[in-house]
Each structure stands twice: as C-alpha cells, then as structure tokens.
Amino acid sequence: MKKLILTLAMTLPLTACSLTTDKSLVTSSTKAIAPTLASEVDPIYAVAYLPSVAGRIASVRQTSGNNRVHQTVLYPNYGYGGGENQIIVDVARTSSNREYYQAPTRREIVSEMKRFFPTMKMTIDENPGENLHGIYGYAHGKSKIDGNCIYAWQVIRNVTRKDLVDFQRFLQPQYASKVRLRYCHPTKTTQQLLVLMDGFRVKEVTSASLEILRFAEGAGYEKPSAPVVQAVVTKQPIKVKSRPKVKTTKRQAVTVPEGPRVLLPTELDGSAPVIKRQTIKVAETFVVDPNAPKIPLPN
C-alpha cells in the first residue's frame, strides 16, 4: 500500500506537467483571436454618403461577414487635428440584435466620444435632429486644433429596397443599419455641420447588392495619387532674344493711265450693255522756228 501511494505521488507531477506542455491539448481547446483586416474599396461602393458640400469621398474601408457589411467612409479633413472625418456605418440582416432597433444609451455615446475626441469636451444636445431616415442624436464641441466638431448617431430599422415586386419582397430579407458620424471643420459653425447630417443618406440594399459589396473587397483598388509638380530651378537667368524690328513703309497710290479696253465675250454677242470708251484728248506739239518773224498780237 505504501509503495502504491509513493508511486502515485511521484507520477502526479509528471502528469500535470505533460498536460500543460502538450501542444495538441492547448491548440485544440484554444481559438486564435485576431482583428479582421479591412479592405480598401472604390468610393463608388460606399453604402452611406453626405451631401456634396462635404466634398468627395476620399476612401472607403470595409469588412464584411455573412449578411452584414461594415464600412468606414472617409471624407477630406482640413488640418488633420484630432482625427479623421468619417462615417461609420453597419448594414446587417435584421435579427434580435437590439443595436439595430434601439438608440444607443447615453453611457455608450459618452464612451465612444472619449475615443473619438480624447481631449475635447463634447456636449450632447437634448433636441435631436431629423433627416430622410428619421430622428438622429448629436453632440457638439470646439477646440483650437479641430475647430467646430459634431458627433452624430442614428439607427435605421429598414434600408431594404422598396421598389421590389410582391414576390421579390416576400423572398427578400430585411436589412437595418446603425450609423456614427464624426466631422470637424476649422471655419464652419455647428449649424452648418448639422446640414451634413440633415442630408445624410444610406443606400438601399438587397441580398444581391450586399454580395457585390463583399466581392468588391477583392478588387484590389488602388487610391489614385495626386500628380507631382516638380519646379525647374536654373542657376543663370535665361536670356530672351529680342525680336528684330520690322520697318514698314507706306505705299503711295499709283495712277494708272487708261489704256485700250478689251471687250468681254458677253459684250461681243450683245447680251450685255456695251460700255462706251472715254476719249482722251491729246494736245499736239509744234516745233517753233526761232528765226520766224514775230507778229504782234492785237493787244
């Protein structure tokens, strides 16, 4: 009995060591967790967009899954102070997830604003705004670096295409969306920034268009680079040759004496009136004899 107890006491530490060091046991029970890499897609595939006064869409980052798409739509940023001007939009098939049916809590919004505006004091406005998709909430703030900023949030319960026929509508699943907007500008006022959210739009989607968006992730989109203008520097100034001066002389009018005129064919056959020739009187010249007698004139 003592030998059995001693044997068990010696083998238990080895067994525990083998369990903790066996790689097959560790990997079989542990799932690798890694962040999903976002793909940059062409701006034409942006699910949401702002009015034209916000400028052109600079870039679209996208991740997707089964029946869902997550996009970050970037807009031009004037100054690049505390962050990027962006729309964060999620489109997914409706389910029991309350994030697509209920507005976020105040605690959630405050936590999000601390991440987007770590050094700025944001004030939540108690009077919500409204656009085509319904009511939205927003907060506003101001800093010397970013200027005036707004942070808006909205839940859209239905972004499914509405022009489907009855049979297609019966088979088409319903999609919802949740939106966040961060936008700053050094000169625009808060009311001017709210105009962007008033004109905010989310495109209507179907299961087919959602698959096209997912397919666009593998298109290998490359952002066009701005043309580079290189200045030409010269050490010595370039001498420009002066143009030679051209002397112009005025031509004097030349009087051509009237000579013999040639009749036209129409004048020969009588079909056109004949123009009479002008007669030119020529004075006759006489040679005076110096030895001839001079005859006095009457006067």
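What to know about the overall build of the chain
Each helix and strand counted, the chain has seven helices and eleven strands in total. The burial tally for the chain puts 29% of its 299 residues in the buried class. Relative to all contacts within the chain whose residues are 6 or more apart in sequence, the contacts with residues 24 or more apart total 58%. With the model as given, the accessible surface of the chain reaches about 23,600 Å², and the carbon-plus-sulfur share is 58%.

Focus on the pattern of salt bridges
In this structure the tally under the stated criterion is three salt bridges. The partner of Arg 106 in a salt bridge is Glu 126, and the shortest N-O contact between them spans 3.5 Å. Taken as a pair, Arg 106 in helix α3 (residues 106–116) and Glu 126 in the loop between β6 (123–124) and β7 (129–131) lie far apart in primary sequence, 20 residues in all. Here Glu 112 and Arg 180 are joined by a salt bridge, their closest N and O atoms 2.8 Å apart. Remark: Arg 180 occurs in strand β10 (residues 175–185) and Glu 112 occurs in helix α3; sequence separation between them is 68 residues. A single burial state applies to Glu 112 and to Arg 180, both of which are buried.

A look at helix α5 (residues 190–198)
Those residues of α5 that sit buried are Thr 190, Leu 193, Leu 194, Leu 196 and Met 197. All buried residues of α5 lie within an arc of 140 degrees about the axis, which places them on one face of the element.

Focus on the side chain of Thr 206
Looking at the element boundaries, Thr 206 is found in the loop between β11 (201–202) and α6 (207–215). A relative accessible area of 9% means that Thr 206 is categorised as buried. Setting aside residues no more than four positions away along its own chain, Thr 206 makes contact with Arg 161, Gln 172 and Tyr 175.

What about the packing of aromatic side chains?
All chains considered together, the criterion is met by four aromatic pairs. Between Tyr 151 and Trp 153, the ring centres sit 6.2 Å apart and the planes meet at 45 degrees, which makes this aromatic pair tilted. Classification of Tyr 151 as buried rests on a relative accessible area of 1%. Put simply, the rings of Phe 116, Phe 117, Tyr 151 and Trp 153 touch in pairs and so form one group of aromatic residues.

A closer look at the pairing of strand β5 (residues 85–93)
Across the nine residues of β5, eight count as buried, placing the element largely inside the fold. Relative to β5, strand β4 (residues 68–75) is paired through eight bridges, and the arrangement is antiparallel. Its bridge partner being in β5, Val 69 is matched across the sheet by Val 91. By the bridge criterion, eight bridges tie β5 to β10 in an arrangement that is antiparallel. Residue pairing across strands places Ala 92 opposite Ala 176, the latter belonging to β10.

Considering unusual backbone geometry
Not every positive phi belongs to a glycine, and Asn 67 is a case in point at roughly 60 degrees. Among the secondary structure elements, Asn 67 is positioned in the loop between β3 (59–65) and β4. What makes Asn 67 partly exposed here is its relative accessible area of 22%.

Regarding the pairing of β3
With six of its seven residues buried, β3 lies for the most part within the structure. Both strand β1 (residues 39–41) and β3 contribute to a ladder of three bridges, which runs antiparallel. Residue pairing for β3: Glu 40 is matched across the bridge by Arg 61. Of the strand pairs in this sheet, β3 and β4 are connected by seven bridges, and their pairing is antiparallel. The residue of β4 that forms the bridge with Gln 62 is Gln 71. From the end of β3 to the start of β4, which pair antiparallel, there are two residues, and Asn 67 there has a positive phi angle of about 60 degrees.

Quick notes on the rules
Residues numbered from 1 in each chain as written. Predicted model: local features only at pLDDT ≥ 70, side-chain atom pairs only at ≥ 80, totals over all residues. Heavy atoms only, no water. Helix = DSSP H or I, 4+ residues; strand = E, 2+ residues; numbered from the N terminus. Buried < 20%, exposed > 50% of the residue type's maximum accessible area, 1.4 Å probe, protein only. Contact = heavy atoms within 4.5 Å. Areas by Shrake-Rupley, 256 points an atom, 1.4 Å probe, with all protein chains shown as cover. Salt bridge = Lys/Arg side-chain N within 4 Å of Asp/Glu carboxyl O. Arc of directions from axis to C-beta. Phe/Tyr/Trp six-rings, centres within 6.5 Å; stacked < 30°, edge-to-face > 60°. Pairing = 2+ DSSP bridges.

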